[in-house]
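Examining the three-dimensional arrangement
Take a look at the letters that make up each chain.
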Amino acid sequence: IDAGGGKSGLTNLTRHDAQSTAVTIMGKVYAAPNPFIVSSGYSDNADKIGIYGLPAHATIRVYSYGGQLVHTLEHDTDKYSTAWLQISRNNQWIASGVYYFTVEDRTTGDKAWGKFVIIH
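These lines cover the structure that appears in this document, whether it is placed above or below. Small disclaimer: the values here were computed from a predicted structure and weren't measured.

Focus: the side chain of glutamine 86
For glutamine 86, the position within the fold is in the loop between strand S6 (81-84) and strand S7 (97-105). Every residue in contact with glutamine 86, bar those within four places of it in the chain, is listed here: Phe36, Val38, Asp47, Lys48, Ile49, Gln92, Trp93, Ile94, Ile118 and His120.

Okay, here's the thing in structure tokens:
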């Protein structure tokens, strides 16, 4: 225990994001956490929802339950996932409800889809 009362080795931790690399063949894509409860404190930035299972170059489109386009994300990185801040293409917070998303691999043309729930 150090002079400040902290346990040795735990007082000066540096947080690093650990992610797998992008998939080469797109399979199942998913959102997490699902359902996303805004007040749950799931992560340090509690307003983000992650989309996982992504190829290096993908277009993600989020749709409302009624089929209206809510937001489009461009994923151009060698990471397995991307985060979305739940902001619509009109720069407004999205409402509680069921949302669908499609992922299109811009390299191969493969497509996949998933769904998630937002609870405010």
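Structural notes on the pairing of strand S5 (residues 69-76)
By the bridge criterion, seven bridges tie strand S4 (residues 57-64) to S5 in an arrangement that is antiparallel. What sits directly across from threonine 59, in S5, is glutamate 74. Joining the antiparallel neighbours S4 and S5 is a turn of four residues, in which glycine 67 adopts a positive phi near 95°.

Looking at the pattern of salt bridges
In this structure the tally under the stated criterion is three salt bridges. With its nearest N and O atoms 2.6 Å apart, the salt bridge here joins arginine 106 to glutamate 74. With arginine 106 in the loop between S7 and strand S8 (111-119) and glutamate 74 in strand S5, this residue pair connects regions lying 32 residues apart in the sequence. Overall, the relative accessible area of 47% leaves glutamate 74 in the partly exposed class. Its salt-bridge partner being arginine 106, residue aspartate 76 comes within 2.2 Å of it at the nearest N-O pair.

Parameters at a glance
Residues numbered from 1 in each chain as written. Predicted model: local features only at pLDDT ≥ 70, side-chain atom pairs only at ≥ 80, totals over all residues. Heavy atoms only, no water. Helix = DSSP H or I, 4+ residues; strand = E, 2+ residues; numbered from the N terminus. Contact = heavy atoms within 4.5 Å. Pairing = 2+ DSSP bridges. Salt bridge = Lys/Arg side-chain N within 4 Å of Asp/Glu carboxyl O. Buried < 20%, exposed > 50% of the residue type's maximum accessible area, 1.4 Å probe, protein only.

So, to be careful, I would describe these as geometric facts and stop short of saying anything about function.
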